[in-house]
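# Breakdown of the fold
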Amino acid sequence: MDYAIQRLVIDAGNEAALTTAFAAVGFTAYVFSTRTDGRLDLELYGAGGVFPDAVIAALGVLGLESTEHRVASERELLANVLDSEPCELCPGVWIDPQGTLRTSARSDGRLVLHIPPSPAFGDGHHPSTRMAASLLLTLDLAGRRVLDLGCGTGALGLIAHHRGAAAVTFSDIDEGSVRTTRETCVLNGYPQGTVIASDLLTAVPTEAADVVVANLYADPLLLVAQDERLQAILPHGTLIVSGVAQVKRPAVEAAFTALGFTLRDAREEAWWCAMRLER
Ligand SMILES: C[S@@+](CC[C@H](N)C(=O)[O-])C[C@H]1O[C@@H](n2cnc3c(N)ncnc32)[C@H](O)[C@@H]1O
C-alpha cells in the first residue's frame, strides 16, 4: 500500500488543538517531534495515498500548510524502522534484508535468503521461525514436496527449496504475506514457487505433500488437526509445527498423536516450542 506523507512545521502549543481536531475525525496516523528551534515537526500519513477530507479541513482551519508532500510505499516507510542487518536464522542459514551477503555466501556454503523488510512475519528474528527452520534442516529434503502453511515471508519454504525440495507450495491467509512471498520467491531464484491465499487448509490443493511446515500458533494448529483435508495432504510424512506457546504444547501434541503422528524432535526457546512429528 502507498501512503501520502505531509510534513508541516507548527509552533509549540498548537499541538493540542490539532490532536483534538484529528481525534474528532478518528485520524491517528501522525507523529510530532521537537525541533532544535523549539517548534514542532508534524508528519501525517494518508493510507492509500490520500488524506481524509476532514484532516485537510482541520489543517486549513488552523492555517497550516504542508512544507513537503510525497507518496511512499509501505516498504520504504518500514525500511526506517525494521531491522535491515543480516541475521543468522539458524546455523548456516542467513536472512539478508538488503541482499548484500549473497555473492560472498555462494563461496562459503551458507544459504542466504534475500528477504527485504516487510510487514510480513518471518524476518528471522522470532524464535518460532528459528526453531521451525532448525527442525526443517534436520530433514533430507531432496526431492520432497513441501507445504509451507502460514508462510509469512516464505522463509521456511525457501529453505526447503534451497535444500533440494522438488516443489514447495506456500500459503497464507494474509494477502500481504502472499504478495511478499511471491516477491521473495522471485528474489531468491524460485519464481515457479506456488503461492496461494488460503485460510489454513481450505484452499490448499489436496495433493499429497511429504513435509508440512506450519509456524502458525497453537489454536490454528488445533483447527488443522481437526480438518479432514490433512489426511489427503499429508497421509504420511513429516509435520513440523511451531509458534506453539509451551503451555499449549500438550494439547497440540495430543491432537496430532491422536491422528497417528509420533513426536520425533522438539525445540524450546523463550516460552515457545516447535515439534517435528512423523506418521
Ligand atoms: C507466526 S507467522 C509464521 C510466518 C513464517 N512462516 C515464519 O515462520 O516466520 C504465522 C503466519 O500464519 C499466517 N496465518 C495466520 N492465520 C492463518 C490462517 N488461518 N490460515 C493461513 N495462514 C494464517 C499469518 O498471516 C502469518 O503469516
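Residues numbered from 1 in each chain as written. Predicted model: local features only at pLDDT ≥ 70, side-chain atom pairs only at ≥ 80, totals over all residues. Heavy atoms only, no water.

### Looking at the packing of helix α1 (residues 15–24) against helix α2 (residues 53–61)
Quick note on the threshold: Axes, fitted as lines to C-alpha atoms, cover a helix only where it is in contact. Angles between the N-to-C directions of the axes lie from 0 to 180 degrees. Secondary structure follows DSSP: runs of H or I at least 4 residues long count as helices, runs of E at least 2 residues long count as strands, and numbering of each begins at the N terminus. Roughly parallel refers to an angle under 35 degrees, roughly antiparallel to one over 145, roughly perpendicular to one between 65 and 115, and oblique to any angle outside these ranges. What makes a crossing left-handed is the near helix being turned counterclockwise from the far one by less than a right angle; a clockwise turn instead makes it right-handed. Residue contacts are counted whenever heavy atoms from the two residues lie within 4.5 Å of one another. As a working rule, the residues Ala, Val, Leu, Ile, Met, Phe, Trp, Tyr, Cys and Pro are called nonpolar, Asp, Glu, Lys and Arg charged, and the rest polar, with Gly in that last group.
Here α1 crosses α2 at 155°, and the two axes come no closer than 10 Å. Relative to α2, α1 is oriented roughly antiparallel. Between α1 and α2 lies a crossing whose hand is right-handed. Judged by residue contacts, Leu18, Ala21 and Phe22 of α1 engage Val55, Ala58 and Leu59 from α2. Of the residues that constitute the contact of α1 with α2, the class distribution is six nonpolar, no polar and no charged.

### Some words on the sheet that holds strand β3 (residues 40–47)
Backbone-to-backbone hydrogen bonds join strands into a sheet, with any given pair of strands oriented parallel or antiparallel. Note the cut-off: One bridge is not enough; two strands pair if DSSP finds at least two bridges between them.
Strand order in the open sheet formed by four strands is β2-β3-β1-β4, and the pairing between neighbours is antiparallel. Both outer strands of the open sheet, β2 (30–34) and β4 (68–73), are each paired with one neighbouring strand and no more. With direction set aside, neighbouring strand axes in the sheet form an average angle of 20°. Where β2 and β3 come together, five bridges link them in antiparallel fashion. Counted as the bridge partner of Tyr30 is Leu44 from β3. In the packing of α1 onto the sheet, the strands contacted are β1 (2–10), β2 and β3, and the crossing angle to β2 comes to about 170°.

### Considerations on the packing of aromatic side chains
Short version of the rule: Ring pairs shown here join Phe, Tyr and Trp side chains whose ring centres sit within 6.5 Å, with only the six-membered ring taken for Trp; geometry is labelled stacked below 30 degrees between planes, edge-to-face above 60, and tilted in between.
For the coordinates displayed, the defined rule picks out nine aromatic pairs. Pairing Phe22 with Phe27 gives two aromatic rings, centres 5.3 Å apart and planes at 75°, and the pair type is edge-to-face. Arranged with centres 4.8 Å apart and planes meeting at 55°, the rings of Phe22 and Tyr30 form a pair that is tilted. Among the aromatic residues, those joined into a ring-pair cluster are Phe22, Phe27, Tyr30, Phe32 and Phe51.

### Structural notes on the domain arrangement of the protein
Defined as follows: Note that domain bounds follow an automatic or database assignment of domains.
According to the domain assignment, the protein consists of domain 1 (2–79) and domain 2 (138–278). Domain 1 and domain 2 are separated by 42 Å when their C-alpha centres are compared.

### Some words on the nonpolar core
Just so we agree on the cut-off: Throughout this description, the term nonpolar core refers to a set of buried Ala, Val, Leu, Ile, Met, Phe, Trp, Tyr and Cys residues connected via side-chain atoms within 4.5 Å. Using a 1.4 Å probe on the protein chains alone, a residue whose accessible area is under 20% of its type maximum counts as buried, one over 50% counts as exposed, and one in between counts as partly exposed.
Judged by nonpolar contacts, the single largest core of 34 residues is most densely connected at Leu136, Ile159 and Phe170. In this view, Ile159 contacts Leu89, Val93, Leu111, Leu113, Ala133, Leu136 and Leu137; residues no more than four positions away in its chain are not counted. One finds Ala209, Ala225, Leu230 and Leu277 within the second-largest nonpolar core, a separate group that totals 26 residues.

### Focus on the packing of helix α5 (residues 127–136) against helix α6 (residues 155–162)
Running from N to C, α5 and α6 point in directions that differ by 20°, and their axes come no closer than 10 Å. Relative to α6, the element α5 lies roughly parallel. Classified by chirality, the crossing of α6 by α5 is right-handed. Two secondary-structure elements touch here, α5 through Thr129, Ala132, Ala133 and Leu136 and α6 through Leu156, Ile159 and Ala160. In the contact of α5 with α6, the residues fall into six nonpolar, one polar and no charged.

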